[in-house]
Amino acid sequence: MRRTPSSAATALLAAGLLTATAAQATSPTPPASAGTVSSEPGPAGTVSPQPAPAGTVSSQPAPAGTVSPQPAPAGTGALSTPAGSAYRAVIRRTTDGVPHITGDRLGDVIFGQGYANAQDHGCTLADAVLTPLARRAATFGPGTKDANVDSDFAWESIGLADLAAADFTTASSGVREMMTAYAAGWNRYLAEHPGGFTGWCAGQDWVRPITPVELYTYGRWVTLLASSASLARLIPSAQPPAPAAPGSVPTSSADGPARMAAAWAEVSPQAASNAWAIGADDVTGGSGGMLIGNPHFPWEGSLRFWEVQLTTPAMNIYGAMLIGLPGVGVGFTKEFAWSHTVSAGARFTGYLLDLDPADPTRYLVDGVSVPMTSTDYTVDVRQPDGTTVQQHRRLYHSEYGPIVNFPGLGWTTAKTLTFRDANLNNDEFVDQYLAMDTATTFDEFIAAHRTHQGVPLFNTIAVSRDGRAWYADTSATPKLSPAAEAKYRQALATDPITKIAKANGAVLLNGSDSTFRWAEVPGARDPGLVPFDEMPQVERGDYVFNANDSFWMYHATERLSGGYSILHGEQDTVRSLRTRENAEVLSEGASGPAGSDGTWTSAELRAAALYDRVGSARLLRPAVAARCAGATVVDVPQLDGPDGAVALPAEAVDVAPACAVLTAWDGFDNTDSVGAVLWHELMSAVRRDVEGGLDGLWAVPFDPADALHTPSGLKPAADPVHDPVLMALARAVQTLTKAGLAVDVRLGAVQYALRATEHGPRIGLGGGSGPDGLTNVVDYSRPGNTTEPVADAGDPVVPGSDLRPSGYPVDRGTSFLFNVDFTSGQPRAWAILTYGETGDRSSPLFTVQTQRFADKNWRQVAFTDAEIDADPALTSVTVTG
């Protein structure tokens, strides 16, 4: 099935939102020379080596002022821009290139936001928007191992572009105004630069104007990051098996469970975060509140934040939003501040289907055979000479959603797997953030969550000017009936496949039992979801926090317990080392970074955010140092890599020098820390070689009544000759030796910002990994949803280690780090956008904030007009359209 523009574009024309020319551009099926992008991480450089035919780039901006003159959402007042009026925005930039955008109405500042974002990151959106539109192969060719073709078929099957186009015709005037104004601003900048954007896509003829519908579709794609987008790569290869021979028995591979576990782990959200809201009871002076926001997101690709201030007579908000989206996603006003963390709850449910023995394209529900639906899709694939050919594929859906080819399970004659997505119909997403951004009080901000329930996958941690700290997980969560929850808990105890999924962050249900269909209850955003009144939330006067574990432990000593859905996350379960370290930092009082009085100033809170203490070392380093004291030579066997080659040889390793380093180390991951690299390699070896990983070493088991302090202690070695701690230390020594590093190497000499390597001397970084128990997380993950050429980090020197020949490259982690302080009655703020405001690698702004991050040198935010006008780097431009 090829999607056509007729229905959606015709409706948009009728609504007066598009001109005939723009309506043609809203079609999810472009001319062959337009393009698409992969949503999957993979090798960079998949662009076809031949240019597309010339003459396919339009240099005309999208029509301004095309918003339908419907009433603005309640609360937005004079923010609305009258239909047909011109946009006008003033963009003032201050230190580090931060844009402060002012205008008379919402449409003006969003127009300015689109313009300024195109100036800084035009290539990124031009590239990324193509993924949900299923245009990757038509633009860049088939890609490595047909990655672009597969991406297009996946998104055709998910059907997001058609769904978003239909929803846009009935969207609120606020949503349409934001998308129209942003696209107009982005297009205006492109029109002023006929050669294209500055940076890696300069001169590429696949860069073209974007329509409001396409921008809206991209926003909807972002809501699916923890659901359909993470499963998309498994859709294109899902094909029914050949008929089984009479009397044959289905077989499964021996490595099936391991492959399933690895696949579920990949499906789980990779982004993380910390956020702290400090209420009036815990601030020095006892008045006002403070916030730390610390999203851990990629440093390359489309999922980067972009810092901005938006000001109209009715709105003044500062913060950051993901590149290519209008408004502010995390930030502050003069009344409140908030940040997000990725929720531990379920954004989708997988369903294991029992198939009809007579036909593998039919499945059983309560014993009744139900047919799957099949659809034939067509994808255009660009060839090296610029022509296109078509590929066709038939893909299948159950009542829940697409059929997937899940590793270790596949599609046999007996079973297959499908899923249902809680965010696929989230057309409240933009309204949610518009209501948050335009709220005039903290209570209005909270009410936006009740009204719209459009937060896709995040916890919200917020604080008011008068010091009320609020935590809530209002993310889209499937609703199961009590009977379904009871059956699911039973399956967790008895079914290996269900347990594998859960252990790796996913929910797998029995799709052949109708009990597991989502329950429909009043008050939910969409049928089958948990309503606001059943979502976990709490308000306190001291503090709340989250570090990606479930809602249960939102505070060091208090718990959020009760009849919440298991799909929101589990209660009475062990917390991650990172969660425990966050709670420890916030609760240790005078003995910690809060200082002698045990309350917080903003300076103390900023120091705590980059404290860089290693939680695992705080708990285990003294015991490990005692265990290795007096040890000299440790015999280790040969370690083979996955390809069968020798990764580390069998040898006798002298661990005495390494033991001395750990004994002297203070347990922090600062750039000058000696022992940090050795400890990380020790922990990596434990996770790889010890049965159960770190869980196999604890002496004191987890106690729900003392979740902050358990599990704890180092249990004695069952076999002193093969002490797992000493063997892991020996492996760490071997790994460092293989990489040419001494055991006493400084962290800053090894851990560095990968993206800054082409700009002169390496920038050494502090911080470390979440599994090691740090609050300031930095690590590496190959960026996804981008065709931008990025530096190749190389392969680890040893399986299970993060260490590469160049060291520890960092390309993900702490991103938009910000602190807001209301204790003076007015907001004061500080920030570091770790990768900077621009994607132009030739700009000095590309690395200046990375160096800030390395130096822990926060920039004070310019929020008032007086602060902006006094900034020494101030520039100003007025843009219209």
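A few points on the structure. Just so it is clear, the structure is predicted and the values come from calculations on it, not from any experiment.

Reading the values: rules and limits
- Residues numbered from 1 in each chain as written.
- Predicted model: local features only at pLDDT ≥ 70, side-chain atom pairs only at ≥ 80, totals over all residues.
- Heavy atoms only, no water.
- Disulfide = S-S within 2.5 Å.
- Buried < 20%, exposed > 50% of the residue type's maximum accessible area, 1.4 Å probe, protein only.
- Helix = DSSP H or I, 4+ residues; strand = E, 2+ residues; numbered from the N terminus.
- Arc of directions from axis to C-beta.
- 1 Å grid on protein atoms, 1.4 Å probe; cavity = no way out; pocket = protein on both sides within 12 Å on 5 of 7 lines; lining within 4 Å.
- Points joined across faces, edges and corners; volume = space filled by probe spheres on them.
- Nonpolar A, V, L, I, M, F, W, Y, C, P; charged D, E, K, R; others polar.
- Pairing = 2+ DSSP bridges.
- Axes fitted to C-alpha atoms, helices over the stretch in contact; angles between N-to-C directions.
- Contact = heavy atoms within 4.5 Å.
- Salt bridge = Lys/Arg side-chain N within 4 Å of Asp/Glu carboxyl O.
- Core = buried A, V, L, I, M, F, W, Y, C linked by side-chain atoms within 4.5 Å.

Structural notes on the state of the cysteines
- As enumerated under the stated definition, the model contains 2 disulfides in all.
- Within the protein chain, bonded cysteines paired by disulfides and numbered along the sequence follow the pattern 1-2, 3-4.

Description of helix H18 (residues 656-664)
- If you check which residues of H18 are buried, you get Ala658, Cys659, Val661 and Leu662. All buried residues of H18 lie within an arc of 160 degrees about the axis, which places them on one face of the element.

Section: empty space enclosed by the protein
- Following the criterion strictly, the structure yields 12 cavities of 30 Å³ or more and no others.
- Taken together, 16 residues form the lining of the largest cavity, with Phe305, Leu322, His340, Tyr433 and Phe458 sitting closest to its centre.
- Those elements that place two or more of their residues in the lining of the largest cavity are strand S4 (290-298), strand S6 (315-322), strand S8 (336-342) and helix H11 (429-438).
- Looking at the lining of the largest cavity, the element that brings in the most residues is S8, giving 3 residues.
- Here the residues of the lining of the largest cavity are counted per class, giving 12 nonpolar, 4 polar and no charged.

Some points on the sheet that holds strand S19 (residues 537-540)
- Pairing within the open sheet is mixed, and its 10 strands lie in the order S19-S17-S16-S8-S7-S6-S5-S2-S1-S34. Only two strands of the sheet have a single neighbouring strand rather than two, namely S19 and strand S34 (875-880). For this sheet, the mean inter-axis angle between neighbouring strands, taken without regard to orientation, is 20 degrees.
- Bridge analysis of S8 against strand S16 (residues 458-464) gives 7 bridges, and the strand direction is antiparallel. From the neighbouring strand, Val342 faces S16, where its bridge partner is Phe458.
- Along the sheet face, helix H12 (residues 442-452) touches S8, S16, strand S17 (469-473) and S19 and points at about 165 degrees away from the line of S16.

Focus: the pattern of salt bridges
- This structure, assessed with the given rule, holds 40 salt bridges.
- When the shortest N-O distance is used, the salt bridge between Arg841 and Glu300 registers 2.7 Å. Taken together, the residues Arg841 in the loop between strand S32 (828-833) and helix H21 (845-855) and Glu300 in the loop between S4 and strand S5 (305-312) connect sequence positions 541 residues apart.
- In this structure, Asp533 and Arg450 form a salt bridge, with 2.7 Å as the shortest nitrogen-oxygen distance. With Asp533 in the loop between strand S18 (508-510) and S19 and Arg450 in helix H12, the pair connects residues that are 83 residues apart, well separated along the chain.
- Among the residues examined, Arg450 registers a relative accessible area of 44% and is labelled partly exposed.

Brief notes about the pairing of strand S12 (residues 373-382)
- Within S12, 7 of the 10 residues are buried, which leaves the element mostly enclosed by the surrounding structure.
- Note that S12 and strand S13 (residues 388-397) share 10 bridges and pair antiparallel. Across the sheet, the residue bridging to Asp376 is Arg394, located in S13.
- Connecting the antiparallel pair S12 and S13 is a turn made up of 5 residues, with Gly386 showing a positive phi of about 95 degrees.

A word on the nonpolar core
- Ranked by size, the top nonpolar core spans 177 residues in total, and within it Phe197, Trp264, Phe406 and Phe445 carry the most contacts.
- Element by element, the count of residues in this core is highest for helix H3 (residues 106-128), at 11 residues.
- Excluding residues that lie within four positions of it along the chain, Phe406 makes contacts with Leu231, Leu234, Met260, Ala263, Trp264, Val267 and Leu417.
- Counting 51 residues, the second-largest nonpolar core is a separate cluster that includes Val624, Ala685, Ala730 and Val750.

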